Amino acid sequence: MNRLGPGRRAVIATLLAAAAAPDGANAQRPPADREAVEALRFAPLSFTPPTPSQHEIEGVTVFFLEDHSLPLVNVYARFAGGFGLLGRELYAATTALPSLLRFGGTIELHPDSVDEQVDQHALQLAFGSSGGSTSATLNSLSANLEPGLRLWKDMLLNPRFDSVQVEVWRGQELESALRRPDDPGRLAFSEFNRLMFGDHPIGWEMAPGDLEPEDLSRENLLTAHGRILCRDNLALGVSGNLEWEEVEAHLLEFLSGWPACEEELPEPPVPDILDDPGVYLIPRELDQTTIVMAHRSSIRQEDSRDYFASRIANSILGSGGFSSRILNRVRTELGLSYSAGSFWTTPDDNDGIVGALTRTKSESTIAATRAILEVMEEMRNSPPARGEVEAAVEAASNGFSFNFQGAMQVVSRRVLHDAQELPEDWLERYVAGVQRVSAADVHNVLRRHLDPDRMVILILGDPSRFDLPVETLGEVTTWEVEGVTDSVPPVGPPPG
């Protein structure tokens, strides 16, 4: 692989040409040595993010950004509403919507006929959902946009919910639910969410009990579809090789006949986050232990000093890769794990959590847990080095331009920020905010919002092989997991 940048290749080519030329020719060439290269001067780089224009058609907000680099058009639809807003009784039906919109056909078209039209018009389609929203994306050649939008609208508005495809989806999800106990990492992380958030959508995990045939009845699917895919929940983003007047004409047709929502969506439920420290054990006969820990955090996503400081603090603590404190201690210094890191969630409408995770061999479980807690305590007690803060700030600033790698990325992010009621220039504010963060800011936010003594610690592993009794970390509660039948020796010190 050629690892030389274009600048270095040009210098080397100049040197080689000079060496191969006759002496007289060499005398006429300017020197291309290190001194000459270092003397080069360039104007400072500046980057002005592209800004989509904002419009309204038939009561629907539309963000648009021209992009004539390729003869393509991208359309992004975001609907407010996901499984987290409609209750557990519609959990399976709402989660199934994206797959069934794509593969379940339309009232007029069998699933195979939909696929034929997708291929015929060279369309790319994607559908997805989360706890609070459902989305769909259309990518089309400019010349095929009209038939592409017509088919996409039919798929979104008039789903067939083909019974065969419904059963295919149910079978896949049922198999995944039954296999969950066989994946230690997935099991630990999903159970930790259930432990921290309880019966809240964040803590939900699809279980066999959610996947009875009646859970995916046509009535439930139509109810979920009608509550979410209606005009009042919709926002659009468009980018590509068209002028706005052309886009407007296409969208007027696309939005015609789109039904209004019959009722407003409920407000997102506020999670009741576990706020009592403790150690929870899922005993399983494994060679490796998974450790997840966290406690409640009141930092929100907003234009505030604490929020920006928490982003840099999290990077230094454990999310910044090899330069972070936790990975450096657990992996580089102690050799206890290949990977370890931190997380700090910052929702805009409720509290989040701050914590860390790692995997280690059974015989170093307690040592790895203690090492992470010690790093947290050290960062609470002393401010980070100025160089650590500068490196984290520089990484965040340098990554700014990656938010604008494509026109569709810009537009879809603008749709999301509008839904979150963030200011139009949020990304610019974010960069300016993190650039103002100092070592004192990082220390202050960690001192007030990170406390290793408050950690809820979940450990999944074989306690008979731990380096020390798990009770060394505090009072232990065995956490029961539905579907886990492994038996392990009683909790206690390792043999010998």
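Residues numbered from 1 in each chain as written. Predicted model: local features only at pLDDT ≥ 70, side-chain atom pairs only at ≥ 80, totals over all residues. Heavy atoms only, no water.

## As for the overall build of the protein
And then number 1: Of the regular secondary structure elements, the protein holds 17 helices and 12 strands.
And then number 2: Counting across all 496 residues of the protein, residues that qualify as buried make up 47%.
And then number 3: The contacts of the protein with a sequence gap of at least 6 include a subset with a gap of at least 24, amounting to 81%.
And then number 4: Accessible surface, the protein: about 24700 Å² in total, of which carbon and sulfur atoms supply 50%. (Helix = DSSP H or I, 4+ residues; strand = E, 2+ residues; numbered from the N terminus. Buried < 20%, exposed > 50% of the residue type's maximum accessible area, 1.4 Å probe, protein only. Contact = heavy atoms within 4.5 Å. Areas by Shrake-Rupley, 256 points an atom, 1.4 Å probe, with all protein chains shown as cover.)

## So, the packing of aromatic side chains
Ring pairs (aromatic) are described by centroid distance and by the angle formed between their planes.
And then number 1: According to the stated counting rule, one finds 14 aromatic pairs in the structure shown.
And then number 2: Seen from their ring centres, Phe254 and Trp258 are 5.2 Å apart, and the 50 degrees between their planes marks the pair as tilted.
And then number 3: For Phe254, a relative accessible area of 3% corresponds to the buried category.
And then number 4: The exposure class assigned to Trp258 is buried, which follows from its relative accessible area of 3%.
And then number 5: Both rings, one in Phe308 and one in Trp426, keep their centres 6.2 Å apart while their planes meet at 25 degrees; by these two values the pair is stacked. Placement of the pair is Phe308 in helix H11 (residues 305–319) and Trp426 in helix H16 (residues 426–435), with a sequence separation of 118 residues. For the residue pair Phe308 and Trp426, the accessibility class agrees, reading buried in each case.
And then number 6: Taken together, the ring pairs connect Phe79, Trp152, Phe254 and Trp258 into an aromatic cluster.
And then number 7: Taking the ring centre of Tyr338 as reference, the NZ or CZ of Arg331 above it sits at 4.3 Å. (Phe/Tyr/Trp six-rings, centres within 6.5 Å; stacked < 30°, edge-to-face > 60°. Lys NZ or Arg CZ within 6 Å of the ring centre and 35° of its normal.)

## Regarding the confidence of the model for the protein
And then number 1: Here the protein averages 90 in pLDDT, while 90% of its residues score no lower than 70.
And then number 2: The low-confidence segment residues 1–22 (pLDDT under 50) makes 12 contacts with residues lying over four places distant or belonging to another chain.
And then number 3: Scored below 50 in pLDDT, residues 485–496 shows 24 contacts in the model against residues more than four places distant or in partner chains. (pLDDT = per-residue confidence, 0-100.)

## Let's talk about the layout of surface pockets
And then number 1: Of the volumes computed, that of the largest pocket is approximately 1400 Å³.
And then number 2: Considering the residues around the largest pocket, the lining is formed by 41 residues, among which Arg78, Gly132, Pro268, Asp349 and Ala419 are closest to the centre.
And then number 3: Secondary structure elements with two or more residues in the lining of the largest pocket: strand E3 (72–80), strand E6 (234–240) and helix H15 (407–419).
And then number 4: Among the elements that make up the lining of the largest pocket, the one with the highest residue count is H15 (four residues).
And then number 5: Classifying every residue of the lining of the largest pocket gives 18 nonpolar, 14 polar and nine charged. (1 Å grid on protein atoms, 1.4 Å probe; cavity = no way out; pocket = protein on both sides within 12 Å on 5 of 7 lines; lining within 4 Å. Points joined across faces, edges and corners; volume = space filled by probe spheres on them. Nonpolar A, V, L, I, M, F, W, Y, C, P; charged D, E, K, R; others polar.)

## So, the side chain of Thr360
And then number 1: As for its position among the elements, Thr360 is in strand E10 (residues 352–361).
And then number 2: A polar contact of 2.5 Å, which involves the side chain of Thr360, links it to the backbone oxygen of Leu336.
And then number 3: Of note is the side chain of Thr360, whose polar atom sits 2.5 Å from the side chain of Ser364. (Polar contact = N/O pair within 3.5 Å; in protein donor to acceptor, adjacent residues only side chain to side chain.)

## Topic: the state of the cysteines
And then number 1: Counting across every chain of the model gives one disulfide.
And then number 2: Across the disulfide, Cys230 is cross-linked to Cys261 (sulfur-sulfur distance 2.0 Å). Because the sign of the S-S torsion sets the handedness, a value of about 95 degrees for the bond joining Cys230 and Cys261 places this disulfide among the right-handed ones. With Cys230 in the loop between helix H9 (218–228) and E6 and Cys261 in the loop between helix H10 (244–255) and strand E7 (278–283), this residue pair connects regions lying 31 residues apart in the sequence.
And then number 3: The class for Cys261 is buried, based on a relative accessible area of 15%. (Disulfide = S-S within 2.5 Å.)

## A word on unusual backbone geometry
And then number 1: Positive phi outside glycine occurs at Ala122, with the angle close to 55 degrees.
And then number 2: When you line up the elements, Ala122 lands in the loop between helix H5 (111–120) and strand E4 (124–129).
And then number 3: With a phi angle near 60 degrees, Glu421 is a residue other than glycine that sits in the positive phi range.
And then number 4: In this fold, Glu421 is placed in the loop between H15 and H16.
And then number 5: Judged by relative accessible area, Glu421 falls into the exposed class, the value being 73%.

## Regarding the sheet that holds strand E1 (residues 53–57)
And then number 1: Pairing is mixed in the open sheet, where six strands are placed in the order E1-E2-E6-E3-E5-E4. Edge positions in the open sheet fall to E1 and E4, since each of these has one partner strand only. Here the strands of the sheet are splayed against their neighbours by 15 degrees on average, with no regard to which way each runs.
And then number 2: Bridge analysis of E1 against strand E2 (residues 60–66) gives five bridges, and the strand direction is antiparallel. From the neighbouring strand, Ser53 faces E2, where its bridge partner is Phe64.
And then number 3: Each of E1, E2, E3 and E6 touches H15; the most contacted strand, E6, lies at about 160 degrees to it. (Pairing = 2+ DSSP bridges. Axes fitted to C-alpha atoms, helices over the stretch in contact; angles between N-to-C directions.)

## Remarks on helix H12 (residues 325–333)
And then number 1: Among all positions in H12, only Ile326, Leu327, Arg329 and Val330 are buried.
And then number 2: Along its buried surface, H12 packs onto H11, strand E9 (340–344), E10 and helix H13 (365–381).
And then number 3: Within two residues after H12, Gly335 carries a phi angle of roughly 60 degrees, on the positive side.

## So, the pattern of salt bridges
Where side chains of opposite charge bring their charged atoms close, a pairing between them can arise.
And then number 1: Counted according to the given criterion, the structure contains 23 salt bridges.
And then number 2: The partner of Arg300 in a salt bridge is Asp351, with the nearest N and O atoms 3.0 Å apart. Placement of Arg300 in the loop between strand E8 (288–297) and H11 and of Asp351 in the loop between E9 and E10 is noted, with a sequence separation of 51 residues between them.
And then number 3: Of the residues examined, Arg300 reaches a relative accessible area of 27% and is grouped as partly exposed.
And then number 4: Beyond isolated ion pairs, a larger network of salt bridges with shared partners links Arg180, Glu191 and Arg194. (Salt bridge = Lys/Arg side-chain N within 4 Å of Asp/Glu carboxyl O.)

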